[in-house]
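Each chain is listed here by its residues.
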Amino acid sequence: MNHVYGQRMTTAIEVSDLRKTFGHTVALDGLDLEVSTGEIHGFLGPNGAGKSTTIRILLGLMRSDGGTATLLGGDPWREVETLHRRLAYVPGDVALWPNLTGGEVIDLLGALRGGLDERRRADMLERFDLDPTKKSRSYSKGNRQKVALVAALSSDVELLVLDEPTSGLDPLMEAVFKDAVREFRAAGGTVLLSSHILSEVESVCDRVSIIRAGRNVESGTLAQLRHLSRTKVTALLERAASLPDLAALPGVSDVRSEDGQVACSVETHHLGGLLEWLGAHGIRNLTSAPPTLEELFMDQYRTATPASPEAATGR
Amino acid sequence: MTGFTGTGSLLRLAARRDRVLIPASVLAIALVVAMAAKATIDLYPDSGSALGAMRSVVDNPAIVALYGPFTSLSLDAFATFKTILMGAVFLCLLAYIVVRRHTRTEEESGRLELLGAGAIGRRAPLAAAVLLGTIAVLLTALVTAAVAIGVGLDSSGSVALGVAWTIVGLTWVGVTAVAAQLAETARGTAGLSIGALGVAFLLRALGDTAPDDSPVRFLTWLSPLGWGEKVAPYGANRVGLVALGIIAYAGLVLLAFTLLERRDLGAGLLPSRPGAARGTLRSAGALTARLARGTVVGWLIAYGVLAVVIGSIAGNVVDFVDSPETAAMLRRLGGSAGTIVDTFFATEIQVAAIAAAALGIALVTRIRTEETAGRAESVLATPVRRTPWALGHVLVAVAATTLVMLVLGLVAGAVDGQRTGDVGASIASLVGAGAATLPAVWVCIGAALVLVGYVPRFTGLAWPVLIAFFVVGELAELMNLPHWVASISPFHHLARLPGGSADAVTLTLLTLTAVALVVIGLAGLRRRDVPAA
C-alpha cells in the first residue's frame, strides 16, 4: 500500500453526529462511526438502518444535513478527487454497462482510479474464476460483484469501502473474498465492510459497529460486544431461592422457575455476581449459555436504543 | 394454447402503470386533429376559398412527402391532411412505447423474472403487452373518429380516419412485439421498431412523390403508413383495407409468439458474442462516448438515408408549377421566402433539427439513466469529479447532434447538386442551413440538463416539452394560437434556410441561452445527492 499522502493516520474514517433526511424520512439520526487505519471494520445493521446512506456520504455522493464526516483526513464532499485516488468502492448492487465486457469494466475502473496492479488483476481474475470476455449483461449478480471486487482489489489504494459485497457470491467465492480482504489488511490497508453475513463478519472483522434507525447502537470488538449482551443461566439449587431476590440482582432479568430449576438471563459482565448469589444457595447443576452471534445481533437489531420516530428507509 | 395464465392480472398491472400515459396520449392526438380541423374550417367559411388554396398545393411533392397526398378536393380532406399521417406516426410511437415498456424493458430490468416466478404463464407478459397496445390503438382511433364527427367533419370520412389509424397502429403493435423478441435490450428494441417506422415513412414518401406512371409508386404499398393513406379518409374511404392491417397484425403477433418460444427469458434471438478481455477506455469521457457510439452511428445512417431521399424528392419538386399563390400557401405552412425547392428543404431541415434535438436529449439525459441504474456511483466513487463527468455527456450530445445535421446537409447537398449542376454550392447551402438550426437543438439539450440538475425525477418532462415545440411549430398558425405560444419554441426563432437569411444575433442569443442552461444545470447537479431521492 502506498502512503504518500503525509504520515500514516490512525483514524481512517471518523463520523460524528451525522444527520441526513430524505423528505420526511430520517435516514441518519446522529450517527457516530470510527474506523482505525489498518483494521477491517464490520458495518452492520438491519435493512434501512442507514448503512448505504452513510457510505454515500463518505464517498461524497450525498451531502449530510448535519454532523461531521472525515475520510482519510479529508472532507468527503469537498476533496472528492484526492480522496478517491486513495480508495476503492464496491456498491451493494453492482450495475455495469451491459455492452462492455467484464474485462473492459475492470480496466476502465482501474484507469479511473489511476491504474491497476497487473499482477494482482490476473491473480484476482483467476482466484475469483471470472471470465472477463463476457458482456456485462450476461453476468449474474455474483459475477457482477466479482467484476467490481476484482477492480477494487487490484487497485493500488489504502481504503476499501465495501457495501454488502458478497451477497451474491457462493461459499467458495466468499472464502476467496475473505482471504483477499485479509491480504489487503496485512499489506496495511483499511476496510469498511457492510455485511449481513455473520460468519463473514466473525472471521474477518477486527471491530464492528452496529447501527439501527440511523444511529450507532454498539461499537467494539466482537468479544466486547459479547460481553455487553446476555448469557442464559439455568441452575438446580440445593436450597429454595427467592425469585424476587434473584430478579433484584444487578443485570439479571427473565427470571422464572422451570421444573424445580431457576432460569434467568444476565448481562455478561454481571455474571460473576449472579454466580456468587447462586453459590450461596448451593449449586447442584448449572448450565450457562453464552450468546451466539445470531442472538447478539438479533438482540441489537431488535431492542437497542429507542427507534427514531420514523423508520429509516434504505438508501 | 397454454402459457397465458395470469394475462388478465398482468394486463391490469400494465394498464394501471399506464393510466396517465395512454389516456393523455389518446386525448392529445385526438384534440390536435380536432383543433386543426376546426381552425381550418373557421378559416375558410366557404369551401370555394379552401379549394382555391388546396389546388395550389395538391400536387406539391414537398408537401406530399411530409404529409401524404390529398384524399379528395373537399374541405374535410383539407382540414385533416396535415394531421392524418402525422397522427398515424404518433400513434405508432404510442403503440411502440406501450408494447416495449411491458415486454423487453421489464425483462431487461429483471422485474419480469420476479413475475415469471409467480403463477404467470410464459406467454402472458407478451400477451398482456400486445393487448394493452391494441387497446391504446383502438381507443385512439375511436376517440379521434368521434371527436372529428363532433367538430363537424363528414362521419363516414371520420370512420375511415379511425380505420386508417387502426391499420397503422395495430401493425406497429405487431412490429414492436417482434422487435422485443429479436433484440436483447430495450434500446435494441427501440432501434428496430423506430427504424422500421422510419423506413415505412420513407417508402411511402418515395412512392407518393413519384410520377403517376412510375413503378416507384408501388413503394407506398410496401409501407404500413402507406396502407393508412390508401384508405383515403374523407375521399375514397376504403375501409375494406382494414383487412390488410388485421392480417399484418395477426401475422406479426403470431411471429412474436413463435419467436418467444425459441428463446430464454432475458435472451434475444440476435446473439451476443464474447468480447475483449482487456479494455481501452481510460477516462469517463471515453466511456460516455463509447456508450453513445451505437446510437449515434444509427442516427448517422438514418440521416444519411433521409438526406438521400429528400435530396431526390427535391428533383420532383422542381416539376411543380411555381405560382405566387402556391408560394403564399407554402409560407403559411411554414415555408421560407425562397423558391419552392428552398421551402421544401427548409421544412425538412427544420423537422430533422427537432428530431436531432430528440437525439441530444436522449444522450444528455443518460446522466440520469446512469444515475438511476446505479452505474454513476461506480464512476463517481473514483477520482472523476461530477461536473466534468456530466459535461462529458453534454459534449457528446452537442457533438452528436452537430454531426447528424452536418451529414444531413452534406448528403442532401451532394444529391441535390446532381440536379443543380453545382455540387459545391448545394452542399454549402444545405450544410449551412443544417448548421443554422443547431443553436435551437442545443437549447433543448441545456433545458434537459436543467431538469436533470434540479428535478431529476421529472427528467422525462423533456420529451413532452420537445413534442410541444414540434406541435407548436407545425400547427400554431393553423390552430390560431397566440404568437407568444409559438415563440416558446427555440425552433420558432430560426430563419427558414435555405432561402431566408440567417440572423446572427438570434443564433448568438440561442447559443448563449444554451450555454447558460448548461451552466445552470451543472450547478444544480453539483449540489445535489447522487442518486437523488
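Computed from a prediction, not measured in an experiment: that's the story for all the values here.

Here is what the cut-offs are and how they apply
Residues numbered from 1 in each chain as written. Chains lettered and ligands numbered in written order. Predicted model: local features only at pLDDT ≥ 70, side-chain atom pairs only at ≥ 80, totals over all residues. Heavy atoms only, no water. Pairing = 2+ DSSP bridges. Helix = DSSP H or I, 4+ residues; strand = E, 2+ residues; numbered from the N terminus. Axes fitted to C-alpha atoms, helices over the stretch in contact; angles between N-to-C directions. Contact = heavy atoms within 4.5 Å. Buried area = accessible area lost by both parts, 1.4 Å probe. Salt bridge = Lys/Arg side-chain N within 4 Å of Asp/Glu carboxyl O. Polar contact = N/O pair within 3.5 Å; in protein donor to acceptor, adjacent residues only side chain to side chain. Phe/Tyr/Trp six-rings, centres within 6.5 Å; stacked < 30°, edge-to-face > 60°. Buried < 20%, exposed > 50% of the residue type's maximum accessible area, 1.4 Å probe, protein only. Lys NZ or Arg CZ within 6 Å of the ring centre and 35° of its normal. Domains from an automatic or database assignment. pLDDT = per-residue confidence, 0-100. Patch = residues over 30% accessible without salt bridge, like charges linked within 9 Å, V, L, I, M, F, W, Y side chains within 5 Å. Areas by Shrake-Rupley, 256 points an atom, 1.4 Å probe, with all protein chains shown as cover. Expected span 1.5 Å × (residues − 1). Bend = angle between axes of the 7 residues up to and from the residue. Parallel < 35°, antiparallel > 145°, perpendicular 65-115°, else oblique. Nonpolar A, V, L, I, M, F, W, Y, C, P; charged D, E, K, R; others polar.

Visitor: Residue-level account of the sheet that holds strand β10 (residues 230-237) of chain A, with values.
Guide: All names here are of chain A. Taken in spatial order, the four strands of this open sheet run β11-β12-β10-β13, and their pairing is antiparallel. Looking at strand neighbours, the two that pair on one side only are β11 (252-258) and β13 (283-289), the edges of this open sheet. Averaged over all neighbouring strand pairs, the angle between strand axes comes to 20°, with direction disregarded.

Visitor: Hey, could you go over the interface of chain B and chain A for me, with residue numbers and the actual values?
Guide: Counting residues at the interface gives 38 residues for chain B and 38 residues for chain A. Between chain B and chain A the total buried area reaches about 3,300 Å² when both faces are included, carbon and sulfur atoms providing 57% of it. Remark: the boundary between chain B and chain A carries six salt bridges. Of the charged contacts in the structure, one is a salt bridge between B:Arg278 and A:Glu118, with a shortest N-O distance of 2.9 Å. Counting the contacts that link chain B with chain A gives 19 residue pairs in polar contact (both at pLDDT 80 or more). Counting only elements with at least two residues in the side of chain B that touches chain A, the list comes to α13 (284-319), α16 (366-373), α17 (375-380) and α23 (504-527) of chain B. The element contributing the most residues to the side of chain B that touches chain A is α17(B), with five residues.

Visitor: Can you lay out the packing of aromatic side chains for me, pointing to particular residues and giving the numbers?
Guide: All names here are of chain B. Under the defined criterion, the tally for this structure stands at nine aromatic pairs over all chains. Ring geometry for phenylalanine 78 against phenylalanine 81: centres 6.3 Å apart, planes inclined by 10°, an arrangement best described as stacked. Pair noted here: phenylalanine 78 and phenylalanine 81 are both in helix α5 (residues 75-102), with a separation of three residues, about one helical turn. Taking the relative accessible area as the measure of exposure, phenylalanine 81 reaches 6% and is therefore buried. Aromatic side chains tryptophan 299 and tyrosine 303 sit 5.8 Å apart centroid to centroid with 35° between the ring planes, which places their arrangement in the tilted category. On the criterion of helical spacing, the pair formed by tryptophan 299 and tyrosine 303 is a turn pair, its members being four residues apart in helix α13. Overall, tyrosine 303 belongs to the buried group, its relative accessible area being 4%. Sitting over the face of the ring of phenylalanine 201, arginine 204 holds its NZ or CZ atom 4.8 Å from the ring centroid.

Visitor: Help me get a handle on the pairing of strand β1 (residues 11-22) of chain A, residues and values and all.
Guide: Residues and elements named next belong to chain A. Pairing analysis gives nine bridges linking β1 to strand β2 (residues 25-36), with the strands arranged antiparallel. Among the inter-strand pairings, leucine 18 is bridged to a residue of β2, identified as leucine 31. Between the antiparallel neighbours β1 and β2 lie two residues, among them glycine 23 with a positive phi of about 60°. In terms of strand pairing, β1 meets strand β4 (residues 66-71) through five bridges, oriented antiparallel. Opposite valine 15, over in β4, you have alanine 69 as the bridge partner.

Visitor: Kindly report on the domain arrangement of chain A, identifying the contributing residues and their values.
Guide: The domain boundaries assigned to chain A delineate domain 1 (11-86 + 157-225) and domain 2 (230-290). Placing a centre on the C-alpha atoms of domain 1 of chain A and another on those of domain 2 of chain A gives a separation of 39 Å.

Visitor: Give me the lowdown on the sheet that holds β1(A), citing residues and values where you can.
Guide: Residues and elements named next belong to chain A. The antiparallel open sheet is built from three strands, whose spatial order is β2-β1-β4. Every interior strand has two partners, whereas the edge strands, β2 and β4, have only one. Across the sheet, the mean angle from the axis of one strand to that of its neighbour is 15°, orientation sign disregarded. Sitting on the sheet, helix α1 (residues 51-58) touches β1, β2 and β4, and the angle it makes with β1 is about 115°.

Visitor: Give me the lowdown on the confidence of the model for chain A, citing residues and values where you can.
Guide: Residues and elements named next belong to chain A. For chain A, the mean per-residue pLDDT works out to 87, and 93% of the residues sit at or above 70. Of the regions scoring below 50 in pLDDT, residues 1-8 engages in 18 contacts with residues more than four places distant in sequence or in other chains. Note on residues 304-315: pLDDT under 50 across the span, and 29 contacts to partners over four residues away in sequence or across chains.

Visitor: Lay out unusual backbone geometry with the relevant residues and their values.
Guide: Where the residue is not glycine, phi is negative for most of them; where a peptide bond is considered, it is trans in most cases. Residue and element names in this part refer to chain B. Residues leucine 497 and proline 498 are joined by a peptide bond in cis, for which omega reads 0°. By the element assignment, proline 498 lies in the loop between α22 (483-487) and α23. Residue proline 531 is reached from valine 530 by a cis peptide bond, and omega for that bond is -5°. Secondary-structure assignment places proline 531 in the segment after α23.

Visitor: If you had to explain the pairing of β11(A) to someone new, which residues and values would you point to?
Guide: Here β11(A) pairs with strand β12 (residues 261-267) of chain A via five bridges, running antiparallel. Within β12(A), the position partnered with A:Glu258 by the bridge is A:Gln261.

Visitor: Run through a nonpolar patch on the surface, naming residues and quoting values.
Guide: Taken together, B:Tyr454, B:Val455, B:Phe458, B:Leu461 and B:Ile520 make up a surface patch of nonpolar side chains, about 440 Å² in accessible area. With respect to the helices and strands, the residue B:Leu461 is situated in the loop between α20 (438-454) and α21 (462-475).

Visitor: Describe in detail the pattern of salt bridges, supporting the description with residues and values.
Guide: Counted by the stated rule, this structure contains 32 salt bridges over all chains. Between A:Arg85 and A:Glu81 there is a salt bridge, with its nearest N and O atoms 3.8 Å apart. One salt bridge connects B:Asp416 with B:Arg419, and the closest N-O pair in it is separated by 2.9 Å. Here B:Asp416 pairs with B:Arg419, and both are found in helix α18 (residues 386-420), just three residues apart, close to one helical turn. Residue classification places B:Asp416 among the buried residues on the basis of a relative accessible area of 5%. One continuous salt-bridge network, built from bridges that share partners, spans A:Asp17, A:Arg19, A:Asp29 and A:Arg215.

Visitor: Could you give an account of α18(B), with specific residues and numbers?
Guide: Residue and element names in this part refer to chain B. With 35 residues, α18 ought to run about 51 Å at 1.5 Å a step, and its terminal C-alpha atoms sit 50 Å apart, in line with that. Residue alanine 414 marks the point of greatest curvature in α18, where the axis turns by about 25°. Just beyond α18, the residue with positive phi is glycine 421, at close to 85°.

Visitor: Can you break down the packing of helix α10 (residues 186-209) of chain B against helix α11 (residues 224-231) of chain B residue by residue, with the values?
Guide: All names here are of chain B. The N-to-C vectors of α10 and α11 enclose an angle of 50°; their axes lie 7 Å apart at closest approach. On the basis of the axis angle, α10 is oblique to α11. Note on element contacts: α11 touches α10 through Pro224, Leu225, Gly226 and Glu229, opposite Leu197, Ala200, Phe201, Arg204 and Asp208. When grouped by side-chain class, the residues that make up the contact of α10 with α11 number five nonpolar, one polar and three charged.

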